[in-house]
Amino acid sequence: MKHSHLLSSLPLILLLASCGASGSSSPSAATTASAESTSSTSVAATSEEVSYDTTALKEQYGSFSIVKESNAGSYSYDEETNTYTLCPDTIKAEYTLSGYFEGRILISNVNNLASYKGVTLSLSNACLVSTGNYAAIEYSLDSKNVEIKAKINTANKVIALGEEVAIRSENHIEFSGKGELEMASFGTDAHVVRAQDEIRFYSSPTIHVTACAHDAFHGNKCIFSKDPDALSDTPFTGVVRVDQAVSQAFDFETSSGNGYVNVYSGTVYASNMESVFKTDTALVVGAEAKVIASNLSGDPYQQGDNSSGLSVTINGSFTVDGVEVE
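Cut-offs applied
- Residues numbered from 1 in each chain as written.
- Predicted model: local features only at pLDDT ≥ 70, side-chain atom pairs only at ≥ 80, totals over all residues.
- Heavy atoms only, no water.
- Helix = DSSP H or I, 4+ residues; strand = E, 2+ residues; numbered from the N terminus.
- Polar contact = N/O pair within 3.5 Å; in protein donor to acceptor, adjacent residues only side chain to side chain.
- Contact = heavy atoms within 4.5 Å.
- Phe/Tyr/Trp six-rings, centres within 6.5 Å; stacked < 30°, edge-to-face > 60°.
- Lys NZ or Arg CZ within 6 Å of the ring centre and 35° of its normal.
- Pairing = 2+ DSSP bridges.
- Salt bridge = Lys/Arg side-chain N within 4 Å of Asp/Glu carboxyl O.
- Buried < 20%, exposed > 50% of the residue type's maximum accessible area, 1.4 Å probe, protein only.
- Core = buried A, V, L, I, M, F, W, Y, C linked by side-chain atoms within 4.5 Å.
- pLDDT = per-residue confidence, 0-100.

So, the side chain of Ser265
In step 1: In this fold, Ser265 is placed in strand E23 (residues 260-273).
In step 2: Only 2.6 Å separates the side chain of Ser265 from the backbone oxygen of Phe236, close enough to count as a polar contact.
In step 3: Apart from residues lying up to four places away in sequence, Ser265 is in contact with Phe224, Pro235, Phe236, Glu288 and Ala289.

This is how it looks when you write it as structure tokens:
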């Protein structure tokens, strides 16, 4: 063990206070821009020269398609609101998404499955873009999870060009696969990924957050492995890279003061932000993990505002500008 200690005070004043879950709304005709109407517009982050041209993305990724895997269930499309609603009828449904889509993917248990276990969205060279006050992917249920799986040898994007997050879940979000996933959000107070409870990383995807106007990942618990009760069984062996954020790459403070972060394994890169982590009860960087940070305006990690004491354990490598964090 390199070191473990308890942080009982928080001297650093935040540039922006972390926000809670904001309400979501359907992408109405008034708030949803078509691909044609945004074709000449690039949206840029305030602190980085990052932009996305929807016309170029549409040409690059081509026509959108949804494939139901293993009788996953039905889906419907509402042209007025640019919304695909996925309606699983198996306990663990999977859909494969490919191509360019501008609008919202909404997952809802409309069939009222009693033994529902969540949905896997397998991204296979997919580009999902939100341009209004709605998430590009929204899991509307308060139980189970949505799994975002980047399929091997594919490059995928989930981008929020409007005022909302890129991915939202009313319960858990899992990231997996062996492909590439690029994400960004540009809303003033928007996270890139927002979960009501846990965000989990497992398998070996390469995840790249290119732009974020607030925090990149926000929820109650952050676990770099599939099962928090059996961390050594399915370790995360991929990479998560956050190029810039106003506040933190990983904001897991809670109103109850029970948030925690466990980077069991894998590699995290974080640059151009205030701090890498903010959480309440525990921050763990495991022996098989590397956290590499640069150009921070504040401390490497912070204690949540409602925390009664943050325990920090660093067994792996955690460096800022090449210097080990103590």
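From this point on, the discussion continues.
Observations regarding the packing of aromatic side chains
In step 1: Considering all chains together, one arrives at 17 aromatic pairs under this definition.
In step 2: Between Tyr84 and Phe101, the ring centres sit 5.1 Å apart and the planes meet at 65°, which makes this aromatic pair edge-to-face. Pair noted here: Tyr84 is in strand E6 (residues 83-88) and Phe101 is in strand E7 (residues 93-102), with a separation of 17 residues, a long-range link.
In step 3: Ring pairing ties together the aromatic residues Phe175, Phe201, Phe217, Phe224, Phe236, Phe250, Phe277 and Phe318, which thus form one cluster.
In step 4: Note that Arg241 overlies the ring of Tyr269, its terminal NZ or CZ placed 5.1 Å from the centroid.

Some words on the sheet that holds strand E24 (residues 275-279)
In step 1: Strand order in the open sheet made by the ten strands is E5-E6-E8-E10-E13-E16-E19-E22-E24-E26, with mixed pairing throughout. Each end of this open sheet is capped by a strand with a single partner; those strands are strand E5 (73-78) and strand E26 (301-303).
In step 2: Examined bridge by bridge, strand E16 (residues 193-195) and strand E19 (residues 217-218) share two bridges and lie parallel to one another. Pairing of Val193 across the sheet is with Phe217, part of E19.

Re the pattern of salt bridges
In step 1: Per the stated rule, a full pass over the model turns up eight salt bridges.
In step 2: Glu164 is the partner of Arg168 in a salt bridge, and the nearest nitrogen-oxygen pair spans 2.6 Å.
In step 3: Residue classification places Arg168 among the buried positions, given a relative accessible area of 2%.
In step 4: The residue Glu198 makes a salt bridge to Arg200 at a minimum N-O spacing of 2.4 Å. Note on accessibility: Glu198 and Arg200 belong to one class, buried.
In step 5: The structure contains a network of salt bridges with shared partners spanning Glu174, Glu198 and Arg200.

Notes on the nonpolar core
In step 1: In this structure, Leu121, Phe175, Met183, Phe201, Phe217 and Phe250 are the most contacted members of the largest nonpolar core, which totals 69 residues.
In step 2: In terms of residue count, strand E25 (residues 282-296) provides more of this core than any other element does, six residues in total.
In step 3: Once residues within four sequence positions are removed from consideration, Leu121 is found in contact with Leu86, Tyr95, Leu97, Ile105, Ile107, Ile137, Val146, Glu147, Ile148 and Lys149.
In step 4: Grouped together as the second largest cluster of nonpolar side chains are twelve residues, Val129, Ile159, Leu161 and Ala211 included.

Here we look at unusual backbone geometry
In step 1: Positive phi outside glycine occurs at Asn125, with the angle close to 55°.
In step 2: Within the element layout of this structure, Asn125 appears in strand E9 (residues 119-130).
In step 3: Its relative accessible area of 37% is what places Asn125 among the partly exposed residues.

Points about the confidence of the model for the chain
In step 1: Summary statistics for the chain give a mean pLDDT of 84 and a share of 79% for residues scoring 70 or more.
In step 2: pLDDT under 50 marks residues 8-47. Its contacts with residues more than four places away, or in other chains, come to 95 contacts.

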